[in-house]
Amino acid sequence: MLQLLLRLLKMINFIFAFLANVLFSAPSIFLVVACSHLGSFDEVALLGASFAVCAPIQLFFSMQHNVSILSGKISLRDSLRTRFVLIIPFLLFGLVGALLFSSQMVFWFFLYRCAEFLYEPFLCDGIKKGSYRKVFVSTLFRFVLFASIVLVLLYVGAGLNVVLLTVGIVFSLLALRFVSVAFDGDASFEGFVLGGAAFFSSLIVNIPRYFVTGADPSFAAFYSSMLTLVLGGGLLYGAFNNYFFPRFCALGRNGTLIFLNVSAGIFFAGLLVSYLLFSGVVIPKLFLGIFLGDKYLLYSNFVIGFAFFYFVLYFHASLNFLFVFLGLARVYMATLIFYGLCMSSFIFVRIKLYSDDFGHLIWIVFSFGLFYGVCCYLFLMVKLLRGHKE
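Procedures and definitions
- Residues numbered from 1 in each chain as written.
- Predicted model: local features only at pLDDT ≥ 70, side-chain atom pairs only at ≥ 80, totals over all residues.
- Heavy atoms only, no water.
- Core = buried A, V, L, I, M, F, W, Y, C linked by side-chain atoms within 4.5 Å.
- Buried < 20%, exposed > 50% of the residue type's maximum accessible area, 1.4 Å probe, protein only.
- Helix = DSSP H or I, 4+ residues; strand = E, 2+ residues; numbered from the N terminus.
- Contact = heavy atoms within 4.5 Å.
- 1 Å grid on protein atoms, 1.4 Å probe; cavity = no way out; pocket = protein on both sides within 12 Å on 5 of 7 lines; lining within 4 Å.
- Points joined across faces, edges and corners; volume = space filled by probe spheres on them.
- Nonpolar A, V, L, I, M, F, W, Y, C, P; charged D, E, K, R; others polar.
- Phe/Tyr/Trp six-rings, centres within 6.5 Å; stacked < 30°, edge-to-face > 60°.
- Lys NZ or Arg CZ within 6 Å of the ring centre and 35° of its normal.
- Polar contact = N/O pair within 3.5 Å; in protein donor to acceptor, adjacent residues only side chain to side chain.
- Expected span 1.5 Å × (residues − 1).
- Axes fitted to C-alpha atoms, helices over the stretch in contact; angles between N-to-C directions.
- Parallel < 35°, antiparallel > 145°, perpendicular 65-115°, else oblique.
- Left-handed = near helix turned anticlockwise from the far one by under 90°.
- Salt bridge = Lys/Arg side-chain N within 4 Å of Asp/Glu carboxyl O.

Colleague: Help me out: how do you make sense of the nonpolar core in this one?
Modeller: The tendency in soluble globular proteins is for nonpolar side chains to be buried side by side. Among the nonpolar cores identified, the biggest contains 127 residues, and Phe222, Tyr223, Phe306 and Phe309 are the most heavily contacted of them. Residue contributions to this core peak at 17 residues, all from helix H15 (residues 303–325). Residues within four places of Phe306 in sequence aside, it is in contact with Phe222, Tyr223, Met226, Leu227, Val230 and Ile362.

Have a look at this one:
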């Protein structure tokens, strides 16, 4: 009876941790879905550009503190102190992005993401300490507040600029409650190598967004929205990894080996399931109708490519945990730079040769990601089998 209760408690804890991670990332998906249904092609494309500019910068300044907190390498106080110091540089990049795209929307998007940037350490620290219910309630409140603001403003006809400005101000005010915690800590910038690796990882994913701006506006909006949904869908595997990785790494080398192989198994199983679900016509159209709206149905044959790419990103995220845990951040960053240069060069040459052909773009990205993932898996497997020590 006692064992049954313990298992039930573990299951409840996992559900709370899973839902907290899901709700933390859900606003990005909700914003894209709402804007795709209620906004114009231009607004959706500009929102995608805001994601493309902000995501790499945010990951660079984050220095992968989420992984470091979960593995016990940095405290909540030190992480928050560091992030408060970096607020001004972070927002300055948002200002530069707004000037480059000649739109205030980019800066307001940065303002909102800055608040999430400050909340993330609290979420990870709560999961690490086992305060699953507390972080779930807190994250649920934030999501409900965000969704309410977005829906009300879009429904009354306010533009996306007004929506992002409002959520940016509201969530920035909510972030002020972390000030007292931050000033008790010490700023630490030793994780910039990890931040650099995360920066290049995000930049690689967003490279196609920079190229696709030359396509038809509706296709550019479709590609950008689908990529945002795929990245936002990372909340599912992010929740899984955030909960299970600390438990696997606590077992030492055997635990990390199990985590690596389980991740590989889920990756290939995901590809199979994606093929079975999205190789037809009905489910891709149903998916687009629900998430993006009927105006994107003509692109339903591309959905399977994004489904495949989703599991590539899952595998890369799992590999990232292991690179960080094993102290191989510099190796990871070097391989990411090489990977990104090769893929962007290939895309650039192909688009120059076939200027109107963007239909193969997602398959190019998937192929490069698959090859890189397999190479990293083999590299880490060899390291772990040889008894690598940090």
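Colleague: Looking at this model, I keep getting lost on empty space enclosed by the protein. Mind explaining?
Modeller: To find the voids left in a structure, one rolls a probe of water-molecule size over its atoms. Considering all chains together, one arrives at four cavities of 30 Å³ or more under this definition. Taken as a whole, the second largest cavity encloses approximately 50 Å³ of empty space. In terms of lining, the second largest cavity is formed by Leu23, Phe24, Pro27, Tyr112, Glu116, Thr139, Arg142, Phe143 and Phe171. For the lining of the second largest cavity, the elements supplying multiple residues, two or more each, are helix H1 (2–38), helix H6 (104–129) and helix H7 (132–155). Taken together, the residues of the lining of the second largest cavity break down into six nonpolar, one polar and two charged.

Colleague: Looking at this structure, I do not really get the environment of Leu92. What am I missing?
Modeller: When you line up the elements, Leu92 lands in helix H5 (residues 87–101). A relative accessible area of 47% means that Leu92 is categorised as partly exposed. Sequence spacing of Leu92 and Phe107 is 15 residues, and the spatial spacing of their C-alpha atoms is 8.7 Å.

Colleague: Even after reading the chapter, I still don't get the packing of aromatic side chains, so can you show me in this structure?
Modeller: Given two aromatic rings, one states the distance between the centres and the angle between the planes to describe the pair. Per the counting criterion, the structure on display carries 37 aromatic pairs. Each residue in the set Phe60, Phe61, Phe90, Phe93, Phe110 and Phe117 is aromatic and connected to the rest through ring pairs, giving one cluster. The ring centre of Phe117 lies 4.7 Å from the NZ or CZ of Arg83, which sits over that ring. Above the face of the Tyr119 ring, Arg142 is positioned so that its terminal group lies 4.0 Å from the ring centre.

Colleague: Sorry if this is basic, but what is going on with the side chain of Gln58 here?
Modeller: Residue placement: Gln58 occurs in helix H2 (residues 41–62). Classification of Gln58 as buried rests on a relative accessible area of 9%. There is a polar contact of 3.1 Å between the side chain of Gln58 and the side chain of Arg113. What Gln58 contacts, discounting residues up to four positions off in sequence, is Phe90, Arg113 and Phe117.

Colleague: It is not clear to me how the environment of Tyr299 should be interpreted in this structure. Could you clarify?
Modeller: Counting through the fold element by element, Tyr299 comes out in the loop between helix H14 (282–291) and H15. Spatially, the C-alpha atom of Tyr299 lies 8.6 Å from that of Lys285, the residues being 14 residues apart in sequence. What Tyr299 contacts, discounting residues up to four positions off in sequence, is Asp216, Ser218, Phe219, Phe222 and Leu288.

Colleague: I keep staring at H15 and nothing clicks. Help me out?
Modeller: Taking 1.5 Å per residue, 23 residues should reach 33 Å; H15 reaches 34 Å between its end C-alpha atoms and fits that length. In terms of residue burial, H15 counts as a mostly covered element, since 22 of its 23 residues are buried. Just downstream of H15, Gly327 is the residue with a positive phi angle, here 70°.

Colleague: Explanation requested: H6 in the structure shown.
Modeller: For an α-helix the count is 3.6 residues per turn, leaving residues at separations of three or four pointing the same way. Over its 26 residues, H6 runs 39 Å from end to end, which matches the ideal 38 Å to within 8%, given 1.5 Å per residue. Burial of H6 is extensive: 22 of the 26 residues sit out of reach of the surface. Between a side-chain oxygen at the N-terminus of H6 and the backbone nitrogen of Met105 the separation is 3.2 Å; the capping residue is Ser103. Residue Gly130 follows H6 closely and has a positive phi angle near 85°.

Colleague: Honestly, unusual backbone geometry in this entry has me stumped. Any pointers?
Modeller: Excluding glycine, residues mostly carry a negative phi; peptide bonds, for their part, are mostly trans. Positive phi, close to 55°, is recorded for Ser102, a residue that is not glycine. Structurally, Ser102 is set in the loop between H5 and H6. By relative accessible area, which is 68% here, Ser102 ends up exposed.

Colleague: Please clarify how the packing of H6 against helix H8 (residues 160–175) should be interpreted in this entry.
Modeller: Helix packing for two helices is described by the angle between their axes and how far apart those axes are. Look at H6 against H8: their axes get within 8 Å of each other, and the N-to-C directions meet at 25°. In terms of orientation, H6 lies roughly parallel with respect to H8. Considering only the axes of H6 and H8, their crossing is left-handed. Contacts between H6 and H8 involve Gln104, Met105, Trp108, Phe109, Leu111, Tyr112, Ala115, Glu116 and Leu118 from the former and Leu160, Asn161, Leu164, Leu165, Val167, Gly168, Ile169, Phe171, Ser172 and Ala175 from the latter. Partitioned by chemical class, the residues of the contact of H6 with H8 number 14 nonpolar, four polar and one charged.

Colleague: Quick question: what am I supposed to make of the pattern of salt bridges here?
Modeller: Should the charged atoms of two oppositely charged side chains come close, the side chains can pair. Taken as a whole and judged by the stated rule, the model has two salt bridges. Here Arg83 and Glu120 are joined by a salt bridge, their closest N and O atoms 3.1 Å apart. Taken together, the residues Arg83 in helix H4 (residues 76–85) and Glu120 in helix H6 connect sequence positions 37 residues apart. You'll find Arg83 and Glu120 in the same group, each marked buried. With its nearest N and O atoms 2.4 Å apart, the salt bridge here joins Arg142 to Glu116. Of the two residues, Arg142 sits in helix H7 while Glu116 sits in helix H6, which places them 26 residues apart along the sequence.

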